[in-house]
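# Structural description and commentary
What follows is the residue order along each chain.
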Amino acid sequence: MTAAPAPSRLGVRDRLARDPYLTRMIIVLVALLAFFAIVKPSQFFGLRTWTGMAVQFPEFGIMALGVMITMFTAGIDLSMVSVANLTGIITAYMLKAALPAEATGTNYVLSVLLAVLMAVIVGGACGAFNGFLISRVKIPPILATLGTLELFGGIAIVISEGKGVPGFKPFSDVITGKLLGVIPIQLVVFLVCVAVIGSLLTFTGFGTKILMLGTNETAARFSGMKVTSLLMRTYILSGMLAGIAGVIMLATYNSAKAGNAEPYTLLTILIVVLGGVNPNGGKGRITGVILAILTLQILASGLNMFPDISNFYRPLIWGGVLLAIITMDEFKGGAVLSRLLTRKAES
C-alpha cells in the first residue's frame, strides 16, 4: 500500500497560499519575537513587559476594529481619536456629577455602568453623524470624517476649556485592575470587543453585506441591500468602539483631554492596512488585524528597550511602514507570495 499524503500539511499550505496577507503578518510577528528574544531576552520575556503591552494596546486596538469595519465598506473613519477623547471628557464630567467621590462598592459598579452608557450614547451619536454625512449627504468618507475629526475635537476643547479633566477614581480602579490578579481588565474589554465584532462579521449577514458593499456599491444596491441603513449601522458601530476606547483611556490615564492619543489616527490606519484589509474595500479579515495590533505593540515595546531610539522616531517609522505596505500591495507583492506558496503546496 502506498502512503497517503499528509492532508493537514497540504491544507495549511493551501490556506496560507490563499491568504498571503495573513501569512505576511505571521512571518513578521515571528521575526520580531525572535529578534527581541535574541537581542533583549531578559527584558523581553519579563512579566512586566508583557503586562505593560496588555495594558497599552487595547485602547488603539479597539479603535482599529472600528476603522476596520468602515474600511470594509470602502470607507474610513478618521475621527476615532476625537470621538474617544470627547467621550472620555463627557464621561469624566458625568461620573463626577452623578456619583460621590467616596470609594464604595456601589460607586464602583455604577461608575462602570455609567461609563459604558456614555460610551454607547456619545460614541454612537458621533458615529451616526458620520454615517449621515456619508450615506445621506453623500460626502466622501475621508472628507466627512476628516471634518468631524476637527469638529468633535473642537467640541472637546470647548467643553474642557482646553484643559485636562481629572478622572473618577472608583472607575479607574476597576478598569486598571486585574482579573484573577493577573489579566488586565483593559485586555478583557478588548477581547470582548473582538468577540462581538468577530461574531457579527462571521455569524450574521452584516459582515457579508459590508464586504459586498465595499466590493461594488452599485451591485449591492441592485441586489436589494439597504445601503444607507447599512452605512449608518457601520459608522454607529465604529463610533461606539471609539467611545469604548475613550473610557478605557480615561481609566488608564485617570484623566481626559482633547489632545490625547493624536498619533493613534495614523496608527489605526496602519494596523488595518497591515492586517490585510483593502483600503478600497471588500476584502479583509479580523484575524489579520489582531495580528497587526500585536505586531506593532511588540515593535513599540521592543523599541522602548533601546534608550538611544527616541519616541520622536515612532511617527516616522509608522508612516514609512504604511507607505511601504501600500506600495508593496500595489505592486502585487501579495500575489507574488501567493504564487510562491502555491508552488510549494503543489510540489
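See above for the structure.
Now for a quick tour of the structure. Not measured: the values here are computed from a predicted model. Residue positions are given per chain, counting from 1 as you read along its sequence in written order. At least 70 in pLDDT is required for a residue's local features to be given in this predicted model, at least 80 for side-chain atom pairs to be given and counted, and no such filter applies to totals for whole chains, interfaces and linings, which use all residues. Side-chain measures here rest on the full set of heavy atoms in the structure, leaving out hydrogens and waters.

### Notes on the overall build of the protein chain
Scanning the protein chain from N- to C-terminus turns up 16 helices and 4 strands. Burial here depends on accessible area, computed with a 1.4 Å probe over protein chains only, as a share of the maximum for the residue type. Under 20% is buried, over 50% is exposed, and the range in between is partly exposed. In the protein chain, buried positions account for 46% of the 347 residues. Counting only contacts in the protein chain whose residues sit at least 6 apart along the sequence, the fraction spanning at least 24 positions is 79%. Helix and strand definitions follow DSSP, with helices as H or I runs of at least four residues and strands as E runs of at least two, each counted in order from the N terminus. In what follows, residue pairs with any heavy atoms lying within 4.5 Å of each other are defined as contacts.

### Re the packing of aromatic side chains
In this scheme Phe, Tyr and Trp rings, the latter by its six-membered ring, pair at centre separations within 6.5 Å, and the angle between planes marks the pair as stacked below 30 degrees, edge-to-face above 60, and tilted otherwise. Counted by the stated rule, this structure contains 7 aromatic pairs. Considering the side-chain rings of Phe 36 and Phe 44, the 5.9 Å spacing of their centres and the 25° angle between planes classify their relative orientation as stacked. Overall, Phe 36 belongs to the buried group, its relative accessible area being 2%. By relative accessible area, Phe 44 is classed as buried at 1%.

### Notes on unusual backbone geometry
The residue Lys 138 is not glycine, and still its phi comes out positive at about 70°. Relative to the elements of secondary structure, Lys 138 occurs in the loop between helix H6 (105-135) and helix H7 (141-160). Positive phi is not limited to glycine here, since Ala 261 has a value of about 60°. Positionally, Ala 261 belongs in the loop between strand E4 (255-256) and helix H13 (264-274).

### Considerations on the pattern of salt bridges
Here, a salt bridge means any side-chain nitrogen of Lys or Arg that lies within 4 Å of a carboxyl oxygen of Asp or Glu. According to the stated counting rule, one finds 2 salt bridges in the structure shown. The shortest N-O distance in the salt bridge between Asp 173 and Lys 169 comes to 2.8 Å. In this pair, Asp 173 and Lys 169 are both assigned in helix H8 (residues 169-175), 4 residues apart and thus about one turn of the helix distant. The exposure class assigned to Asp 173 is partly exposed, which follows from its relative accessible area of 30%. Put simply, Glu 217 and Arg 221 hold a salt bridge, and the shortest N to O gap is 2.9 Å. Placement of both Glu 217 and Arg 221 in helix H11 (residues 217-222) is noted, with a separation of 4 residues, approximately one turn of the helix. Its relative accessible area of 37% is what places Arg 221 among the partly exposed residues.

### Observations regarding the packing of helix H9 (residues 185-203) against helix H14 (residues 286-304)
What describes two packed helices is the angle between their axes and the distance between those same axes. Helix axes are fitted only over the stretch in contact, all axes being lines through C-alpha atoms; the angle between N-to-C directions runs from 0 to 180 degrees. Close contact between H9 and H14 brings their axes to 11 Å; oriented N to C, the two are set at 160°. By the angle between their directions, the pair H9 and H14 is classed as roughly antiparallel. Along this stretch, H9 crosses H14, giving a crossing that reads as right-handed. On the side of H9, the interface is formed by Phe 190, Val 194, Ile 197, Gly 198 and Leu 201, while H14 contributes Ile 286, Ile 290 and Ile 293. Classifying every residue of the contact of H9 with H14 by side-chain character gives 7 nonpolar, 1 polar and no charged. Any angle between 65 and 115 degrees counts as roughly perpendicular, while under 35 counts as roughly parallel, over 145 as roughly antiparallel, and the rest as oblique. Handedness of a crossing is defined here by the sense of rotation of the near helix relative to the far one, left-handed for an anticlockwise turn of less than a right angle and right-handed for a clockwise turn. Lys, Arg, Asp and Glu make up the charged group, whereas Ala, Val, Leu, Ile, Met, Phe, Trp, Tyr, Cys and Pro make up the nonpolar group; the residues left over, Gly among them, are polar.

### Structural notes on a nonpolar patch on the surface
Residues qualify for a patch when their relative accessible area is over 30% and they have no salt bridge, like charges being joined within 9 Å and the nonpolar side chains of Val, Leu, Ile, Met, Phe, Trp and Tyr within 5 Å. Here the Shrake-Rupley method, with its probe set to 1.4 Å, supplies the accessible areas, and only the displayed protein chains count as covering residues. Together, Tyr 93, Phe 129, Phe 132, Val 137, Leu 151, Ile 155 and Ile 159 line one region of the surface with nonpolar side chains, adding up to about 570 Å² of accessible area. Broken down by secondary-structure element, the contributors of at least two residues to the nonpolar patch are H6 and H7. With 3 residues, H7 is the largest single contributor of residues to the nonpolar patch. Residue placement: Tyr 93 occurs in helix H5 (residues 80-98).

### Description of the nonpolar core
Grouped together as the largest cluster of nonpolar side chains are 95 residues, with contacts concentrated most on Met 68, Phe 171 and Ile 271. Ignoring any residue separated from it by four or fewer positions in sequence, one finds Met 68 in contact with Ile 197, Leu 201, Val 272, Val 277, Ile 286 and Val 289. Within this scheme, the nonpolar core is defined by two criteria: the residues are buried Ala, Val, Leu, Ile, Met, Phe, Trp, Tyr or Cys, and they are joined through side-chain atoms within 4.5 Å.

### Here's the deal with the environment of Ile 90
For Ile 90, the position within the fold is in helix H5. Taking C-alpha positions, Ile 90 is 9.9 Å from Gly 246, a pair spaced 156 residues apart along the chain. Setting aside its immediate chain neighbours within four residues, Ile 90 contacts Met 118, Val 122 and Ile 159.

### Some words on the environment of Met 25
With respect to the secondary-structure elements, Met 25 resides in helix H2 (residues 20-39). Its relative accessible area of 0% is what places Met 25 among the buried residues. Along the chain, Met 25 and Gly 276 lie 251 residues apart, while their C-alpha atoms are 8.5 Å from each other. If we skip the residues at most four places from it in the chain, Met 25 touches Leu 274, Gly 275, Gly 288, Leu 291, Ala 292 and Thr 295.

### Here we look at the side chain of Thr 145
One can find Thr 145 in helix H7. Residue class for Thr 145 comes out buried when judged on its relative accessible area of 0%. A polar atom in the side chain of Thr 145 sits 3.2 Å from the backbone nitrogen of Leu 78. Excluding anything up to four places from it in sequence, Thr 145 contacts Ile 76, Asp 77, Leu 78, Ser 79, Asn 130, Ile 134 and Tyr 235. Definition of a polar contact: a pair of N or O atoms within 3.5 Å, with one able to donate and the other able to accept a hydrogen when the atoms are protein atoms, and with sequence-neighbouring residues admitted only if both atoms are side-chain atoms.

Function cannot be read off these values alone, since they describe shape.
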